[in-house]
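Observations on the three-dimensional arrangement
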Amino acid sequence: MKGKNVSVTDELFEHAERKLSKLARHLPPWDEATRVELELSVERNPSIERRQVAEVTLWTRGPVLRVRESASDFRQAIDLASHKLERQMVRFRERRRSQRRAPAGEQVEVTAGAPDADSDEPDGPRIVKTKRFEMKPMPPEDAVLQLEMLQHSFYVFANADTGTVSVVYRRGDGNYGLIEPER
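This write-up is about the structure you can find in this document. Being a predicted model, the structure only gives us computed values, none of them experimental.

**Comments concerning the overall build of the protein chain**
Tallying secondary structure elements over the protein chain gives 3 helices and 8 strands in all. Reading the secondary structure of the protein chain in the N-to-C direction produces β-α-β-β-β-α-β-α-β-β-β. Intrachain contacts of the protein chain at a sequence separation of at least 6 include 43% that bridge at least 24 residues. Working note: accessible area of the protein chain is about 13000 Å², and carbon and sulfur atoms make up 48% of it.

**Details of the sheet that holds strand β1 (residues 2-4)**
Reading across the sheet, the 4 strands line up as β1-β2-β3-β4 and stay open at both edges, with mixed pairing between neighbours. The outermost strands of the open sheet, each flanked by one partner alone, are β1 and β4 (64-71). Averaged over all pairs of adjacent strands, the angle between strand axes in this sheet comes to 20°, irrespective of strand direction. One ladder, built from 8 bridges, connects strand β2 (residues 35-42) with strand β3 (residues 52-59); its direction is antiparallel.

**So, the environment of E134**
Here E134 lies in the loop between α2 (74-101) and β5 (137-138). The spacing of E134 and F157 is 23 residues in sequence and 9.1 Å in space, taken between C-alpha atoms.

Thresholds, definitions, all that
Residues numbered from 1 in each chain as written. Predicted model: local features only at pLDDT ≥ 70, side-chain atom pairs only at ≥ 80, totals over all residues. Heavy atoms only, no water. Helix = DSSP H or I, 4+ residues; strand = E, 2+ residues; numbered from the N terminus. Contact = heavy atoms within 4.5 Å. Areas by Shrake-Rupley, 256 points an atom, 1.4 Å probe, with all protein chains shown as cover. Pairing = 2+ DSSP bridges. Axes fitted to C-alpha atoms, helices over the stretch in contact; angles between N-to-C directions.

Next up, the structure:
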C-alpha cells in the first residue's frame, strides 16, 4: 500500500487490509503467486467532488486485475474498489468455467495495413512513456479475458497458438478483433 502525495495512516492500512483480504476466497487454492498493490491519491482539481482515489492492482497466475475508484473519503474509495475487484474476479472465474465446457468458437482473422511513413516531423507526436511487461504465452481467448479484466481497448500478448506477438482489440460492434503478423 502506498500513498501518492498522501500519508497512509495505520487505520487506513488496517481498513484496506481487512477489505482486500476478503478477496482471497475468490482465488483458487493453488494460486499462491498473488500480489496486491493499493495506491491512494487525491485529485488536484478542487471542482471534483469525489477527490480521494483508490487504485488496486491484483496480480495472479492468471489475469492481472486493476480497478480505480474515487469517493469523498479514502475508506469509501477502498470499499468501492474492493467491491468492484470482487465482481471482476467472480466474472473471470465464471467465464473460465463456461469456456472449459463450451467448444472452441470460430476465430476471425484480422490483418492491419502498413502505417504511414510520412511521420518524420519533429513537431509531431513523440514517445513520452515506455512500458515493459512479461508476456506469457496464451491463447487468444485468454487474451480477450485479460483485455476485459483490465478494461483496456487492446491487449498485446504472446500467442500460444502461433508463437507470435499478437493483439486483440475491442471492435465498435461489441465483438473482438485479432491482429497477427504475416509470416
